[in-house]
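Residue-level structural notes
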Amino acid sequence: MSGIPTVSVVVPLYNKRSTVERTIDSVLAQTYADFELIVVDDESTDGGAELVEAKYRDPRVRVHRQANAGPGAARNQGARLARGKFVTFLDSDDDWRPELLERAVAALEAHPECAVFTSAFYLEPAHVDRWVELRTAGYTEGVWRASSAMSRHELNHCLAAFNSCTAVYRSEVVAAYGGFYENRCTFGEDVYFWIQILLNHAFYRHMQPLAHYHMEDSELGLSARKNSVPLEPVLTEPEKVRAACPPEFRDVLELWLARHTLRAAFVQLERGDTAKATWLIEAYPRVSAWRLDYLKVRLRLAAPGPWKLARRIWRAAS
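Residues numbered from 1 in each chain as written. Predicted model: local features only at pLDDT ≥ 70, side-chain atom pairs only at ≥ 80, totals over all residues. Heavy atoms only, no water.

One pass over the full model with this rule turns up 10 aromatic pairs. Arranged with centres 5.9 Å apart and planes meeting at 65 degrees, the rings of Phe89 and Tyr169 form a pair that is edge-to-face. Linking Phe89 in strand S4 (residues 86-89) with Tyr169 in strand S9 (residues 168-170), this pair joins segments that are 80 residues apart in sequence. Note on Tyr169: relative accessible area 1%, which makes it buried. Plain terms: the ring middles of Trp144 and Phe203 are 5.3 Å apart, the flat faces sit at 65 degrees to each other, and that makes the pair edge-to-face. (Phe/Tyr/Trp six-rings, centres within 6.5 Å; stacked < 30°, edge-to-face > 60°. Helix = DSSP H or I, 4+ residues; strand = E, 2+ residues; numbered from the N terminus. Buried < 20%, exposed > 50% of the residue type's maximum accessible area, 1.4 Å probe, protein only.)

Looking now at the pattern of salt bridges. The full count for this structure, using the stated rule, is 17 salt bridges. Ionic pairing is found between Arg62 and Glu36, a salt bridge with its closest N-O pair at 2.8 Å. Of the two residues, Arg62 is situated in strand S3 (residues 61-65) and Glu36 in strand S2 (residues 35-41); the sequence distance between them amounts to 26 residues. A relative accessible area of 1% means that Glu36 is categorised as buried. A salt bridge links Glu50 to Arg65; the shortest N-O distance between them is 3.4 Å. Of this pair, Glu50 sits in helix H2 (residues 48-55) while Arg65 sits in strand S3, placing them 15 residues apart in sequence. Among the residues examined, Arg65 registers a relative accessible area of 40% and is labelled partly exposed. It is possible to trace a salt-bridge network through shared partners that takes in Glu36, Arg62 and Arg83. (Salt bridge = Lys/Arg side-chain N within 4 Å of Asp/Glu carboxyl O.)

Let us now look at helix H13 (residues 291-302). The terminal C-alpha atoms of H13 lie 16 Å apart, and with 12 residues this matches the ideal 16 Å at 1.5 Å per residue to within 8%. The set of residues buried in H13 consists of Asp293, Tyr294, Val297 and Arg300. Considered in projection along H13, the buried side chains sweep an arc of 130 degrees and stay on one side of the axis. In this structure, H13 carries Arg291, Leu292 and Ala302 as exposed residues pointing more than 90 degrees from its buried face. (Expected span 1.5 Å × (residues − 1). Arc of directions from axis to C-beta.)

Tracing the sequence through the fold places Asp34 in the loop between helix H1 (17-28) and S2. Despite its burial, Asp34 pairs with no opposite charge; the closest candidate is Arg60, at 7.6 Å N-O. (Lys, Arg positive; Asp, Glu negative; His and termini not counted.)

Okay, the state of the cysteines next. The tally for this structure, following the rule as stated, stands at 0 disulfides. No disulfide involves Cys114; its sulfur sits 16 Å from that of Cys158, the nearest cysteine. Between Cys165, a free cysteine, and Cys158, which holds the nearest cysteine sulfur, the sulfur-to-sulfur gap is 18 Å. (Disulfide = S-S within 2.5 Å.)

Below, the structure written as structure tokens:
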């Protein structure tokens, strides 16, 4: 192993004492061993950082402590501390299959045109392969790059291949785009980063699951939010994303933002926040290009009672 590791693995940690061992053990079990593991403790209060320091004597593992600043800031601090040619971010409740780093390094070394490696993953605890839909829709393994002429179907699903638990980046790419959104954001800070990369670079897609993304332990997932859901920064502060967009992709970006807006509006309506849903569709007039979903949102806003009744009838019939 060289003095400077090939891969830097960043694990942001905040009150995940109960799951962080599973995460770290999966990294130490990798078939590719030339890595460093940086645990960035975001001022946890449950003793997770102390557990890591006491249990793991492997010289590749180190803990960095910082004042609480949120998951985006913790990931970015880890990236600044990273020494590797490649950097990856694994949340402290997720875990890898043993061959992830080996596959990622091989793909990125073989394809210097690719900025990122990403793979399929299992959504836990149901053990669902979320990429089945992509494979059945014709997505294939290998190098992929966005096109200004990409179909609505591709545009609709283009970010589905990204997930923090499987993406391995060239370090200079993370630095070029400033990493993840910070400002104490706890929702959507990764999408803000990914869409900039997707519009500017090729990436390598590995179609077999190499990680386990755990929703049951996530305090950030939608299932953990009983009421209000914050709006994603890619929708509230899109200026940086627009500025990074190549001219030939501007229309693609606006259509994608409109599609993402409609998804967000549906989430807000499910939580009963009509004010946020209304703001979204007014802020992004291109939502009307996605006609069917736009009409559904408008209908729900105009007639929430009949909409709920129609949904109950449809669910009963199905």
